[in-house]
Amino acid sequence: MTNMRMTEQDLGVRENKIEARGVDVFYADTHAIKAVDVDILDNTVTSFIGPSGCGKSTFLRCLNRMNDTIPICRVTGDIRMDGNDIYDRSIDPVQLRARVGMVFQKPNPFPKSIYDNVAYGPRIHGLVRDKAELDEVVEKSLRKASIWEEAKDRLDQPGTGLSGGQQQRLCIARAIATAPEVLLMDEPCSALDPIATAKIEELIDDLRTSFSVVIVTHSMQQAARVSQKTAFFHLGNLVEYGDTQKIFTNPEDQRTQDYITGRFG
Amino acid sequence: MPGLIILAILAIAAVFFSLSRARALNVSGGQLSNLHSRPFYHGLYSLLWVAIIGLGVFLTVLFLGSNLINMLLLGEAREAFPDGSTIEYQLLMNDARAIASGGIPSRVDTLREALAGKYATLENIYAMSLLILPAAAALLTGAVTLRQVDVNWRARNRAERVIRFILLGAAVIAVLTTIGIVLSLIFETLNFFNNIGWRVDKYLFGTRWSPLSGVHDGSMDADKVGAIPLFAGTFLITIIAMLVAVPVGLFAAIYLSDYASPKVRAWAKPMLEILAGVPTVVYGFFAAITVAPFIRRTGESLGLSVASESALAAGVVMGIMIIPFISSLSDDVINAVPQSLRDGSYGLGATKAETIRQVVLPAALPGIVSAVLLGISRAVGETMIVVMAAGQGANLTLNPLEAVTTVTVQIVMLITGDTEASTAAGPAFTLGFTLFCITLVLNVIALRVVRKYRELYD
Ligand SMILES: Nc1ncnc2c1ncn2[C@@H]1O[C@H](COP(=O)(O)OP(=O)(O)OP(=O)(O)O)[C@@H](O)[C@H]1O
Ligand SMILES: [Mg+2]
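What you see is a predicted model, and the numbers here were worked out from it, not measured in a lab.

### Details of the overall build of chain B
In step 1: Along the backbone of chain B there are 15 helices and zero strands.
In step 2: Relative to the globule expectation of 23 Å for 458 residues, the C-alpha radius of gyration of chain B, 32 Å, shows a markedly less compact shape.
In step 3: For chain B, the proportion of its 458 residues judged to be buried stands at 37%.
In step 4: In chain B, of all internal contacts separated by at least 6 residues, the share reaching a separation of at least 24 is 72%.

### A short note on the overall build of chain A
In step 1: Per the secondary structure count, chain A includes eleven helices and ten strands.
In step 2: By the compact-globule yardstick of 18 Å for 265 residues, chain A fits well, its C-alpha radius of gyration being 18 Å.
In step 3: The long-range fraction of contacts in chain A, counting pairs at least 24 apart against all pairs at least 6 apart in sequence, stands at 69%.

### Observations regarding the sheet that holds strand E2 (residues 30–41) of chain A
All names here are of chain A.
In step 1: Taken in spatial order, the four strands line up as E2-E1-E4-E5 in an open sheet, and their pairing is antiparallel. Two strands lie at the open edges of the sheet, namely E2 and strand E5 (84–85), each paired on one side alone.
In step 2: Note: strand E1 (residues 16–27) against strand E4 (residues 73–81), eight bridges, orientation antiparallel. Following the sheet pairing, aspartate 24 is matched in E4 by threonine 76.

### Section: the site of ligand 1
All names here are of chain A.
In step 1: In the vicinity of ligand 1, 13 residues are found, and the nearest of them are Tyr27, Ser52, Lys56, Ser57 and Thr58.
In step 2: Counting only elements with at least two residues in the shell around ligand 1, the list comes to E2 and helix H2 (56–63).
In step 3: Here the shell around ligand 1 takes three residues from H2, the largest share from any one element.
In step 4: By residue class, the composition of the shell around ligand 1 is four nonpolar, eight polar and one charged.

### Let's talk about the confidence of the model for chain B
In step 1: Looking at chain B, the pLDDT average stands at 89 and 98% of residues meet or exceed 70.
In step 2: If you check the scores for this complex, the pTM reads 0.76 and the ipTM reads 0.89.

### Here's the deal with the packing of helix H1 (residues 2–27) of chain B against helix H2 (residues 39–80) of chain B
Residue and element names in this part refer to chain B.
In step 1: Contact geometry for H1 and H2: axes closest at 7 Å, N-to-C directions at 155 degrees. Our classification of the angle between H1 and H2 gives roughly antiparallel. Note on packing geometry: the crossing formed by H1 with H2 is right-handed.

### Some words on the interface of chain A and chain B
In step 1: Taken together, the 25 residues of chain A in the interface contact 18 residues of chain B.
In step 2: For the side of chain A that touches chain B, the secondary structure elements donating two or more residues are helix H3 (93–99), strand E6 (100–103), helix H4 (114–124) and helix H7 (164–177) of chain A.
In step 3: When its residues are assigned to classes, the side of chain A that touches chain B shows twelve nonpolar, nine polar and four charged.

### Regarding the domain arrangement of chain B
In step 1: Under the domain assignment used here, chain B contains domain 1 (2–173) and domain 2 (227–457).
In step 2: Between the C-alpha centres of domain 1 of chain B and domain 2 of chain B the distance comes to 49 Å.

### Quick word on the confidence of the model for chain A
All names here are of chain A.
In step 1: Counting all residues, the mean pLDDT for chain A is 89, and 94% of those residues have values of 70 or more.
In step 2: Averaged pLDDT values over the elements of chain A bottom out at 46 in helix H1 (residues 8–12) and peak at 96 in strand E3 (residues 45–49).
In step 3: In the predicted structure, residues 1–12 sits below a pLDDT of 50 and forms ten contacts with residues beyond four places in sequence or in another chain.

### With respect to the nonpolar core
In step 1: In terms of nonpolar packing, the biggest core is built from 149 residues, with B:Ala287, B:Ala314, B:Val317, B:Ile385 and B:Ala389 touching the most fellow members.
In step 2: Non-local contacts of B:Ile385, meaning those with residues more than four positions away in its chain, are made with B:Thr280, B:Tyr283, B:Gly284, B:Ala287, B:Ala314, B:Val317, B:Met318 and B:Met321.

### Quick look at unusual backbone geometry
In step 1: Phi is positive for A:Asn43, close to 50 degrees, though the residue is something other than glycine.
In step 2: Structurally, A:Asn43 is set in the loop between E2 and E3.
In step 3: In this structure A:Asn43 comes out as partly exposed when scored by C-beta crowding, with 18 C-beta atoms within 10 Å.
In step 4: Residues other than glycine seldom take positive phi values, yet B:Trp198 does so here, at roughly 60 degrees.

### Observations regarding the environment of B:Leu365
All names here are of chain B.
In step 1: Inspection of the secondary structure puts leucine 365 in helix H12 (residues 352–381).
In step 2: Residue leucine 365 is classed as partly exposed on the basis of its C-beta count, with 18 C-beta atoms lying within 10 Å.
In step 3: Along the primary structure leucine 365 and valine 449 are separated by 84 residues, whereas in three dimensions their C-alpha atoms are 9.5 Å apart.

### Let's talk about H4(A)
One full turn of an α-helix is made of 3.6 residues, so residues set three or four places apart face in the same direction.
All names here are of chain A.
In step 1: Taken together, the buried positions of H4 are Ile114, Asn117, Val118, Ala119, Tyr120, Gly121 and Pro122.
In step 2: Residues of H4 that are buried in the fold lie against helix H5 (131–144), helix H6 (148–151) and H7.
In step 3: Just downstream of H4, glycine 126 is the residue with a positive phi angle, here 60 degrees.

### Here we look at H2(A)
In step 1: Of all eight residues that make up H2(A), eight are buried, and the element is covered over most of its length.
In step 2: When we look at burial in H2(A), the residues that qualify are A:Lys56, A:Ser57, A:Thr58, A:Phe59, A:Leu60, A:Arg61, A:Cys62 and A:Leu63.

### With respect to the pairing of E6(A)
Residues and elements named next belong to chain A.
In step 1: Judged by which residues are buried, E6 turns out to be covered on both faces: Val100 and Met102 on one side and Gly101 and Val103 on the other are all buried.
In step 2: Pairing analysis gives four bridges linking E6 to strand E7 (residues 182–186), with the strands arranged parallel. By the bridge assignment, methionine 102 is partnered in E7 with leucine 184.

### Comments concerning the environment of A:Asp135
In step 1: Tracing the sequence through the fold places A:Asp135 in helix H5.
In step 2: Residue A:Asp135 is classed as partly exposed on the basis of its C-beta count, with 14 C-beta atoms lying within 10 Å.

### Describing the packing of H2(B) against helix H5 (residues 155–195) of chain B
Residue and element names in this part refer to chain B.
In step 1: Where H2 meets H5, the closest approach of the two axes is 8 Å, and the angle between their N-to-C directions is 40 degrees. The crossing of H2 and H5 is left-handed. Between H2 and H5, the contacting residues are Tyr41, His42, Leu44, Tyr45 and Leu48 on the first element and Ala155, Arg156, Arg158, Ala159 and Val162 on the second.
In step 2: Class assignment for the residues of the contact of H2 with H5 results in seven nonpolar, one polar and two charged.

### Some details on the environment of A:Leu96
Residue and element names in this part refer to chain A.
In step 1: Relative to the elements of secondary structure, leucine 96 occurs in helix H3.
In step 2: Judged by the 20 C-beta atoms lying within 10 Å of it, leucine 96 falls in the buried class.
In step 3: Residues leucine 96 and glutamine 167 lie 71 residues apart in sequence; the distance between their C-alpha atoms is 25 Å.
In step 4: Residues within four places of leucine 96 in sequence aside, it is in contact with Asn64, Arg65, Ile86 and Ile91.

Rules used in this analysis
Residues numbered from 1 in each chain as written. Chains lettered and ligands numbered in written order. Predicted model: local features only at pLDDT ≥ 70, side-chain atom pairs only at ≥ 80, totals over all residues. Helix = DSSP H or I, 4+ residues; strand = E, 2+ residues; numbered from the N terminus. Rg over C-alpha atoms; globule rule 2.2 N^0.38 Å. Buried ≥ 20, exposed ≤ 12 C-beta atoms within 10 Å, placed from the backbone. Contact = placed C-beta atoms within 7 Å. Pairing = 2+ DSSP bridges. Near = placed C-beta within 6 Å. Nonpolar A, V, L, I, M, F, W, Y, C, P; charged D, E, K, R; others polar. pLDDT = per-residue confidence, 0-100. Axes fitted to C-alpha atoms, helices over the stretch in contact; angles between N-to-C directions. Parallel < 35°, antiparallel > 145°, perpendicular 65-115°, else oblique. Left-handed = near helix turned anticlockwise from the far one by under 90°. Domains from an automatic or database assignment. Core = buried A, V, L, I, M, F, W, Y, C linked by C-beta atoms within 7 Å.

As structure tokens, then:
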């Protein structure tokens, strides 16, 4: 809980990027998310914490409509991005996901070369005009994800041949290469060693200048280090949401208090 | 009778199984941990050996016995009636056998009666030994294995070794059968090449196929055994079939795995699999009676001349036949691509089509390639459809509207025709061998492709 990079006045100027109101999620009959209200601020890192199975990933997947790919999953409520309802009929989830990128809990590199993995998003969205520009985007993304040094000599080799932690950084590079406005990261550091974790945290802090970042994490220290806002989930409920500093030093709810002090989880 | 003997041997084996098990329990003195092997393994060891020895002796007597009788009788006959021809001896033996078993011989004389008497006694001895020898061997083996039961007897290890040899035996049978088939193909092929004076080039590159029209004195006219038209026909029909089967099958698989709702999938996939179970004869007359006339009529209304049996008809129907193989196998491999890869692609803002084309299909490629090659193997080897719908004349053409013939059709015609089998077998076996080589090469290529991509993506 040291190394707070945030100061209070930083937060004042931020606007709401995403507003969620009264969101409920059902998997068939399982009520996984119950009436959750959250604001994700622009240029801010928001962390979702809570015990396993409380619905952090589920809620995260609502924000870029990844839950659409699960047939039994049903989302109700209102989620707005820049004021527009993202579940509106006129919204194309494909375009939404290009703006709201995602890094998954388990690394999932494509069975392609490292280069093609990173170039995937820029190519399908036509973000680059020529090969030189693409090379530049790929290198920049790999550098930001701090995997350039390990990958630069084997760009044409399959991404699946990397180690688990390298694969996760590759997936992060792949997500930032698409230049999203919001980046959702589901436990991005769970497979990483402390050095790589520190680099990713640095990256997250950098990303804050251009995107807003939502990160799910099981590490209280990580949440405290990288985020300015924290949401605590428990059994599908959003128990407490507020400034990270406040949540970790002076939580209002007893359950939050118990969780961050390690009394249950 | 032989069935009963086999049952008896198995019964003896079962009895010794329980005897040995009981004895093992007995020597353990009620303390199972004294035994090296559990009683079950002592029983199993007895059972395996009794069954192996009993059945082995039975089969040996069965095969050797009748040959031995024949040899003995033939020796007798030669002594009494030297320098007859093979056919005369054959007749003699048949008559003797007929007399002995109360049939109708061609002639009765003293020699034949003497032989018949001899035959009857030998036959009796044979029947007796067929009964007694295997049973005796089984009982003896049983007794020996029963005596071996002891606290320190390593029955488990030994029983497992026996089982390993039984498995090895099965594998050896499978391999030997393959080798036998290949060798007989090679042998007949060499024979045929010898027959055409080693003009292998004429076979491989000749363009006239009419092998039986040029036979004289057992040798063939090398100018009439050119296999090119047949392979061209096979090639043409295979291409047409794959042009139908690969896109339709693959697209169906993609639809089923990634677009169809679970409900649609639940009935559509079994439907496709039923299609795979339709006998090819049915496809054949479907091609000949429905599709070929339809193509002909359509062609004529467009001012094209279409033969009533055409490569197109056979190829299209064959393609339909192959669709379920390709779609079913591809559907399985496409489904095996992990959902997390699709999620990764969707998460980057890719559409369904982009995801399938750029992530799912490349990941499933090895499986799809092997599905396609399997389909090609089927097309190349398919017979019934082409026999009925493609024609019989060995035309050298690449026009799909004309009648062509294929390798398999010609093999059928050679073997089922009224030419003597020994003459027709040569070209038929040679065609079969060539076809075998082609499919083998295809399979090897398929394996290579698959392995290459496996390395890349695993
Ligand atoms: N695809 C699914 N089908 C059915 N139920 C699901 C599905 N995904 C999640 N759930 C259920 O929804 C609830 C919330 O799951 P979720 O994955 O969001 O938890 P989480 O907070 O991310 O947990 P963890 O920290 O372990 O990743 C759980 O009870 C889970 O069983
Ligand atoms: Mg999760």
